[in-house]
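Fold and contact review
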Amino acid sequence: MKFICDTERCIDCNGCVTACKNEHETPWGVNRRRVVTINDGQPGEQYMSVACMHCTDAPCMAVCPTDCFYHTVDGIVLHDKDKCIGCGYCYLACPFGAPQFPDTGAFNHRGKMDKCTFCAGGPEPDNSEIEFQKYGRNRISEGKLPQCAEQCGTKALLGGDANIIASIYKQRVDTRGYGPELWGWDIAYEKRRDNGGGGTSNGSNGVNRNHDTGGPEGPRTNQVPDNFQNNPRRLPT
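Report on the accompanying structure. (Residues numbered from 1 in each chain as written. Predicted model: local features only at pLDDT ≥ 70, side-chain atom pairs only at ≥ 80, totals over all residues. Heavy atoms only, no water.)

It is worth spelling out the side chain of H24 at this point. Mapped onto the fold, H24 is located in helix α1 (residues 15–24). The class for H24 is buried, based on a relative accessible area of 5%. (Helix = DSSP H or I, 4+ residues; strand = E, 2+ residues; numbered from the N terminus. Buried < 20%, exposed > 50% of the residue type's maximum accessible area, 1.4 Å probe, protein only.)

Below you can see the structure in the form of structure tokens.
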């Protein structure tokens, strides 16, 4: 099980953050998921929803002195709060800043570490009251996906089987065009462009409706070179 956040779809609505906090009733100051801004205030500013990425070779698991982390059969990284001593090593080792602590302070005064559980609970019995109090709701045992991914309004946040969500993201990239040159405002709103293919237009509002401009060998309308959102020469108004 993995998460993938499509930065071309994320709109910084923080719906995933709210859905997670509401679902698990985490304490004040603990956010298992957050939205970070990339290239803040610059052309091509983007957003990414970040939480525990449930690494296959998790650094938090490697540095924990009490071995409170473990992998489930689905590859989800969970932890045992009864073993946690609040040392903060996992917080320093995690590249995503996933481990959260309810309090600030020195060793053993931070409280028990809390992090994203992929809505899979913890080592307590599934769907028990003690599991909910410690780790939140166990949606995986109910046959559901994480609440943050299900509540994402633009479907930017994908959660589930790694092969399936990787296939979905690959289809998106293939549809948008050139690898990192994903999609742009001109493509999203189908404005007229001159790509040398002799495409047709409906003549009424200048919208190019031919998605095979240039013939079978020509580029699609979403594969026009230098036509993507992060191009500084093509900024939205």
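Time to look at a nonpolar patch on the surface. Judged by side-chain polarity, V63, Y89, Y91 and L92 come together as a nonpolar surface patch covering roughly 440 Å² of accessible area. The element best represented in the nonpolar patch is helix α3 (residues 89–93), accounting for three residues. Within the secondary structure layout, Y91 lies in helix α3. Residue Y91 is classed as partly exposed on the basis of its relative accessible area, which comes to 45%. (Patch = residues over 30% accessible without salt bridge, like charges linked within 9 Å, V, L, I, M, F, W, Y side chains within 5 Å. Areas by Shrake-Rupley, 256 points an atom, 1.4 Å probe, with all protein chains shown as cover. Salt bridge = Lys/Arg side-chain N within 4 Å of Asp/Glu carboxyl O.)

Looking now at the environment of D6. Position of D6 relative to the elements: it lies in the loop between β1 (2–5) and α1. Each C-alpha atom, one on D6 and one on V173, is 9.9 Å from the other, the two residues being 167 residues apart in sequence. Within the local environment of D6, its side chain forms a polar contact with the backbone nitrogen of E8, the two atoms lying 3.1 Å apart. (Polar contact = N/O pair within 3.5 Å; in protein donor to acceptor, adjacent residues only side chain to side chain.)

Let us now look at the nonpolar core. Judged by nonpolar contacts, the single largest core of 22 residues is most densely connected at F3, C10, C16, V35, I76 and L157. Elements represented by at least two residues in this core include exactly β1, α1 and α5 (147–151). Discounting chain neighbours no more than four positions away, the residues touching I76 are M1, H54, Y70, H71, T117, F118, A120 and I140. Of all hydrophobic cores here, the second largest spans 10 residues; its members include C60, C68, C90 and M113. (Core = buried A, V, L, I, M, F, W, Y, C linked by side-chain atoms within 4.5 Å. Contact = heavy atoms within 4.5 Å.)

Quick look at unusual backbone geometry now. In this structure, E25 takes a positive phi of about 55 degrees despite not being glycine. Tracing the backbone through its elements, the reader meets E25 in the loop between α1 and β2 (34–38). Classification of E25 by relative accessible area gives exposed; the value is 58%. Non-glycine residue K155 carries a positive phi angle of around 55 degrees. Along the chain, K155 turns up in the loop between α5 and β6 (157–160). Judged by relative accessible area, which is 41%, K155 ranks as partly exposed.

Right, let's talk about the state of the cysteines for a bit. Tallying each qualifying case throughout the model produces zero disulfides. Free of any disulfide, C16 has its nearest neighbouring cysteine sulfur in C13, separated by 6.4 Å. Given the relative accessible area of 9%, C16 is considered buried. The thiol sulfur of C68 is not disulfide-bonded, and the nearest other cysteine sulfur, from C64, lies at 3.6 Å. Relative accessible area serves as the criterion here: at 3%, C68 is assigned to the buried category. (Disulfide = S-S within 2.5 Å.)

Once that is clear, we can look at the environment of G97. Along the chain, G97 turns up in the loop between α3 and α4 (129–135). Distance in space between the C-alpha atoms of G97 and A51 is 7.6 Å, their sequence separation being 46 residues.

Take the packing of aromatic side chains next. Throughout the structure, instances matching the rule amount to one aromatic pair. Sitting over the face of the ring of F3, R33 holds its NZ or CZ atom 4.5 Å from the ring centroid. The ring of F101 is capped by R110, whose NZ or CZ atom sits 5.9 Å from the centre of that ring. (Phe/Tyr/Trp six-rings, centres within 6.5 Å; stacked < 30°, edge-to-face > 60°. Lys NZ or Arg CZ within 6 Å of the ring centre and 35° of its normal.)

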